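Below are the chains, spelled out letter by letter.
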Amino acid sequence: MADYTLRLRRYSPESGEAPYWEEFEVDLDGKRSVLDGILQVKDRTDASIAIRCSCRAAICGSCGVRINGKPNLACHMHLDHAAENAVDGVITVEPMGNMPVIKDLIVDMDAVHWKKIQRVTPWLLPEGEEPEREHIVPPESMIDVTQTMACIQCGACVSDCLSMEVDPLFIGPAALAKSYRFVGDPRDGQQFERLRDLAEDPHGIYDCTHCFNCIEACPKGVAPMSQIMRLRRIAGDHEINDRNNGHRHEASFVTLIRDYGLLHEAELLPRSYGGDSWFGKFHPRAGQELASSLPSIVKALQRRKVTPKLAMLGHKIAKPDLDAVKRIYQQVGDQEERFELNLYVVGEEDEPSGTEPAHADAAGGHLPAERSPNQ
Ligand code: FES
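As the structure is a prediction and not an experimental result, all values here were calculated from the model.

Digging into the overall build of the chain
Logical step 1: From N to C terminus, the chain includes 15 helices and nine strands.
Logical step 2: Sorting the 375 residues of the chain into buried and exposed places 34% on the buried side.
Logical step 3: Intrachain contacts of the chain at a sequence separation of at least 6 include 64% that bridge at least 24 residues.

Given below as structure tokens:
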């Protein structure tokens, strides 16, 4: 048995008192979980500590908390591992972010997480005549959605989503990953309508800023941001030019890198609203956007994050490097079919035994790659 110190954030909104931290000692084997530690404290020292849990086996998703500042499942983190990564060995446990606290370590999942899940119509909408029995689909057509199906709705990705912190109305990583589960399902008949809805929503797929936090946070390897990018790519395939201009803005990043090798800030706006050249395509909405961005631009200039010359003329890379970038674009563009790395499902069906397993560990621990066609 070893001794560990847990530092828990306590808060009861109804008490009228401010949140506070409280430390407790637990004596448990290091391979027992942080949840076990909290339950021991509850059992032996203070029964009023509130935490939600059920399966204690990383299956139900109930025990999501922040451990040492990072979202995780309390039942999925060993005490010794948590102590190793803690300041002075004191394991801090606090409620997840981006959701209101009900009490101590329990957050209101209904107010945020489940509301957003409802937003994406989280059920199959098949079209056509009902089959006599079940819908039969080839197993390989389900590869892309397998990853999203591993989600246990713990809310870890929601907790650390930076976009949601800035825009609480953002549909968010968990709900958008859930949406891909149906967009990518060959049995669903509303792919286009779902995508158009998520693209047109100002808090939809183009509200994600690629911060990667959700990928790091997910204890199941769902990689919600990757699912959002898939949604965007398929929306692009359908030529959904949303009113938020998200698709064209994203496409302009792609063409800028192709043409310059690096981002060219001054050309980003006109391309997002107009086309490939600076002159003659300056859309009125780009002017509005530019005006609203002026305070940030001035601040960036004042802080020397950018110089007027660099902003106007763009960054330059050596010609051989630019040629190399162009060759990559050429090679990718020449492919008849688009392939994506699916880092979740691995192996081939007729792979000889003794090689990598056919499916990744659901806990997300072992994820070699296979190329799988996307839609
Ligand atoms: Fe079920 Fe932790 S208690 S996931």
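Describing the packing of helix α8 (residues 191–200) against helix α10 (residues 224–237)
Logical step 1: Two elements in contact, α8 and α10, have axes separated by 10 Å at closest approach and are oriented at 110 degrees. The orientation of α8 relative to α10 falls into the category roughly perpendicular. Contacts between α8 and α10 involve L195, L198 and A199 on the former and, on the latter, L231, I234 and A235.
Logical step 2: The residue makeup of the contact of α8 with α10, split by class, is six nonpolar, no polar and no charged.

Thoughts on the environment of L301
Logical step 1: Here L301 shows up in helix α13 (residues 284–302).
Logical step 2: In this structure, the C-alpha to C-alpha distance between L301 and A311, residues 10 residues apart in sequence, is 9.5 Å.
Logical step 3: Residues within four places of L301 in sequence aside, it is in contact with V306 and P308.

Some details on helix α12 (residues 265–273)
Logical step 1: The set of residues buried in α12 consists of E267, L269, P270, R271, S272 and Y273.
Logical step 2: Looking at the buried residues of α12, the elements they touch are α11 (246–260) and α13.

Let's talk about the nonpolar core
Logical step 1: Ranked by size, the top nonpolar core spans 66 residues in total, and within it V34, I38, A74, V93, L176, I205 and L231 carry the most contacts.
Logical step 2: A total of seven residues in this core trace back to one element, the largest contributor, which is helix α7 (residues 173–183).
Logical step 3: Excluding anything up to four places from it in sequence, V93 contacts L6, L8, V34, I38, V65, I67, A74 and L105.

Looking at unusual backbone geometry
Logical step 1: Despite not being glycine, A58 shows a phi value in the positive range, around 60 degrees.
Logical step 2: Among the residues examined, A58 registers 22 C-beta atoms within 10 Å and is labelled buried.
Logical step 3: For D88, which is not glycine, the phi torsion reads 55 degrees and is therefore positive.
Logical step 4: Note on placement: D88 falls in the loop between α2 (79–84) and β5 (90–94).
Logical step 5: The class of D88 is exposed, set by 7 C-beta atoms lying within 10 Å.

Re the sheet that holds strand β1 (residues 2–10)
Logical step 1: Pairing in this open sheet of five strands is mixed, and the strands run β2-β1-β5-β3-β4 from one edge to the other. Strand pairing shows two members of the sheet lacking a second neighbour, β2 (20–28) and β4 (70–73), which therefore form its edges. Recorded for the sheet is a direction-independent mean angle of 35 degrees between the axes of neighbouring strands.
Logical step 2: Pairing of strand β3 (residues 64–67) with β5, which is carried by two bridges, proceeds in the antiparallel orientation. Residue pairing in the sheet places R66 in a bridge with E94 of β5.
Logical step 3: Packing against the sheet, helix α1 (residues 34–44) makes contact with β1, β2, β3 and β5, and its axis sits at approximately 100 degrees to β2.

A few points about the environment of D104
Logical step 1: Structurally, D104 can be placed in the loop between β6 (101–103) and β7 (106–107).
Logical step 2: Separated by 11 residues in the primary sequence, D104 and V93 have C-alpha atoms spaced 9.8 Å apart.
Logical step 3: Residues contacting D104, with those up to four places away along its chain left out, are L8, R10, Y11, I49, A50 and I51.

Comments concerning helix α3 (residues 110–119)
Logical step 1: Turning to α3, its buried residues number three or more, namely V112, H113, K116, I117 and R119. Axial view of α3: buried residues confined to an arc of 155 degrees, hence all on one face. The outward face of α3, more than 90 degrees from its buried face, is lined by the exposed residues D110, A111 and Q118.
Logical step 2: Packed against the buried residues of α3 are α5 (156–159) and α7.
Logical step 3: Looking one or two places after α3, you find T121, whose phi comes out positive at around 50 degrees.

Thoughts on the pairing of β4
Logical step 1: The pairing of β3 with β4 spans four bridges and is classified as antiparallel. By the bridge assignment for β4, V65 is matched with N72.
Logical step 2: Counted between consecutive antiparallel strands, the loop separating β3 from β4 contains two residues, among which N68 sits at a positive phi close to 50 degrees.

The rules behind the values
Residues numbered from 1 in each chain as written. Predicted model: local features only at pLDDT ≥ 70, side-chain atom pairs only at ≥ 80, totals over all residues. Helix = DSSP H or I, 4+ residues; strand = E, 2+ residues; numbered from the N terminus. Buried ≥ 20, exposed ≤ 12 C-beta atoms within 10 Å, placed from the backbone. Contact = placed C-beta atoms within 7 Å. Axes fitted to C-alpha atoms, helices over the stretch in contact; angles between N-to-C directions. Parallel < 35°, antiparallel > 145°, perpendicular 65-115°, else oblique. Nonpolar A, V, L, I, M, F, W, Y, C, P; charged D, E, K, R; others polar. Core = buried A, V, L, I, M, F, W, Y, C linked by C-beta atoms within 7 Å. Pairing = 2+ DSSP bridges. Arc of directions from axis to C-beta.

By themselves, these are just geometric observations and shouldn't be taken as functional.
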